[in-house]
Amino acid sequence: MRLFATGAMQWVMGRALPDDIPIDSKMVSKAIERAQNTVEARNAEVRKDVLKYDEVMNEQRKVIYRRREQILEGEDLRSRTIEVLSSAIDSMVTANCGNSSDEEDWNLDGLITEVRQYYPTQVTKDELSELGDPNAIYEHLAAEGIAYYEQREESMPAPEGGSPAETMRSLEREIMLQLIDQKWREHLSEMDYLREGIWLRSSAQQDPLVAWQRDGYQMFGQMMASIDDDYVKIVMHAQVQVLQQVQPADEPMLEGAQYQAADDPVQGSTGIERALAAGPAPGEEVVFAPEDPKPADSLGRSTTPAAPRASAAATDPDIQKPTVRDSEFDRAGRNDPCPCGSGKKFKFCHGR
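Residues numbered from 1 in each chain as written. Predicted model: local features only at pLDDT ≥ 70, side-chain atom pairs only at ≥ 80, totals over all residues. Heavy atoms only, no water.

### Regarding the state of the cysteines
Note the threshold: Sulfur atoms of two cysteines make up a disulfide when they are within 2.5 Å. Relative accessibility thresholds used throughout: buried, under 20% of the residue-type maximum; exposed, over 50%; partly exposed, between the two (1.4 Å probe, protein chains only).
Here the structure, examined in full by the defined rule, presents zero disulfides. There is no disulfide at Cys338, and the cysteine sulfur nearest it, in Cys340, is 3.3 Å away. For Cys338, a relative accessible area of 7% translates into the label buried. Residue Cys349 stays outside any disulfide, its sulfur separated by 3.6 Å from that of Cys340, the closest cysteine.

Listed below in structure tokens is the structure:
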């Protein structure tokens, strides 16, 4: 109502009417209905524009997904590879030699440099000069490139029960699939950047939707061309290695080997030795078990060192059991020092 109300409607709504009285005026109801229709029509146009923008990306997405599905289903890319290679050579010859037969206008050094990005050509500048015609140069370079491609196919390692051509086809599909995924992600990011600023075209008297469709189509065509270009370069230079499964060496015999685990800090032999060296606590008596005649336990750990220490501790005259009368315990209070001489309160020692 604030945006679409007329002047008369604003005068009616501006009157001081009580808040608890409903407005039954037909003029107000019709004005609200007209404003609602205007808003809904405007929102419908906005949704149409959004769908038109999304339709561009939807068509591109269909092309990419259809292409990926063909590759995943096992498409043979041999003819596609030869076609793209021939097209790339034609473009390079046209860019460096044109349609002129005058050698002064040719850039043979640049042509050889560009061709080597696709395959290691052995042709020299003098050989190309002797051909004397751009069409003859294209035929020579195309024949050399296709021959090198077929040589690479024959030199591929053959899988078990297969042929080298199967390895080449698998390599081509893997490379094409990875390039499509990589380029498509980059294209989505670039289209997002274009979408953010496409509305500025309206300031230059251009329809943003038309500019979006035109630029999006050009960017998509450049992406598809870059996929084919990179695909041929990688296929013509990729090296394939077959990983051989390494047989494990014969493990040494473990007969007679013993495993000795680390001593437990409480129950191990080291812990027992520390406890014996500390002596018995006041008021306690240590009773030693007889010596074990076995030299080692089931885990191969020797237990003989503990017996001599136990015997020595038991026969040492300096270590004696303190003698405490029962009457002293009876007279001791809860907070008094314990009569056993431990230094603790009675309630924390023998008073428990």
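After that view of the structure, there is still more to cover.
### What about the confidence of the model for the protein chain?
Note the following rule: Note on scores: pLDDT gives the predictor's confidence for each residue, bounded by 0 and 100. The contact criterion used throughout is that any non-hydrogen atoms of two residues lie within 4.5 Å.
Per-chain confidence: the protein chain averages 78 in pLDDT, with 70% of residues scoring 70 or above. Predicted confidence is poor over residues 304-315, with pLDDT under 50, and the contacts of this stretch with residues over four places away or in other chains come to 14 contacts.

### Quick notes on the pattern of salt bridges
Put simply, the test is: Criterion for a salt bridge: a side-chain nitrogen of Lys or Arg within 4 Å of a carboxyl oxygen of Asp or Glu. Counting from the N terminus, the helices are DSSP H or I runs at least four residues long and the strands are E runs at least two residues long.
On inspection of all chains with the given rule, the structure shows 15 salt bridges. Between Asp228 and Arg80 there is a salt bridge whose closest N-O contact spans 2.6 Å. Taken together, the residues span a long stretch of sequence, with Asp228 in helix H8 (residues 208-237) and Arg80 in helix H3 (residues 78-97) at a distance of 148 residues. A network of salt bridges, in which partner residues are shared, links Asp76, Arg78, Glu150, Glu153, Arg169 and Glu172.

### Describing the packing of aromatic side chains
Convention followed: Each aromatic pair joins two rings of Phe, Tyr and Trp (for Trp, the six-membered one) with centres within 6.5 Å, and gets the label stacked for planes under 30 degrees apart, edge-to-face for over 60, and tilted for any other angle. To sit over a ring, a charge needs its Lys NZ or Arg CZ within 6 Å of the ring centre and within 35 degrees of the ring normal.
Across all of its chains, the model carries two aromatic pairs by this definition. Here Tyr53 and Trp212 contribute two aromatic rings whose centre-to-centre distance is 5.8 Å and whose plane-to-plane angle is 55°, an arrangement assigned as tilted. A residue pair is termed long-range when its members are at least 10 positions apart, and Tyr53 in helix H2 (residues 26-72) and Trp212 in helix H8 qualify at 159 residues. Both residues of the pair, Tyr53 and Trp212, count as buried. Directly above the aromatic system of Trp212 lies the positively charged group of Arg195, at a separation of 5.5 Å from the ring centroid. Above the face of the Tyr118 ring, Lys233 is positioned so that its terminal group lies 5.2 Å from the ring centre.

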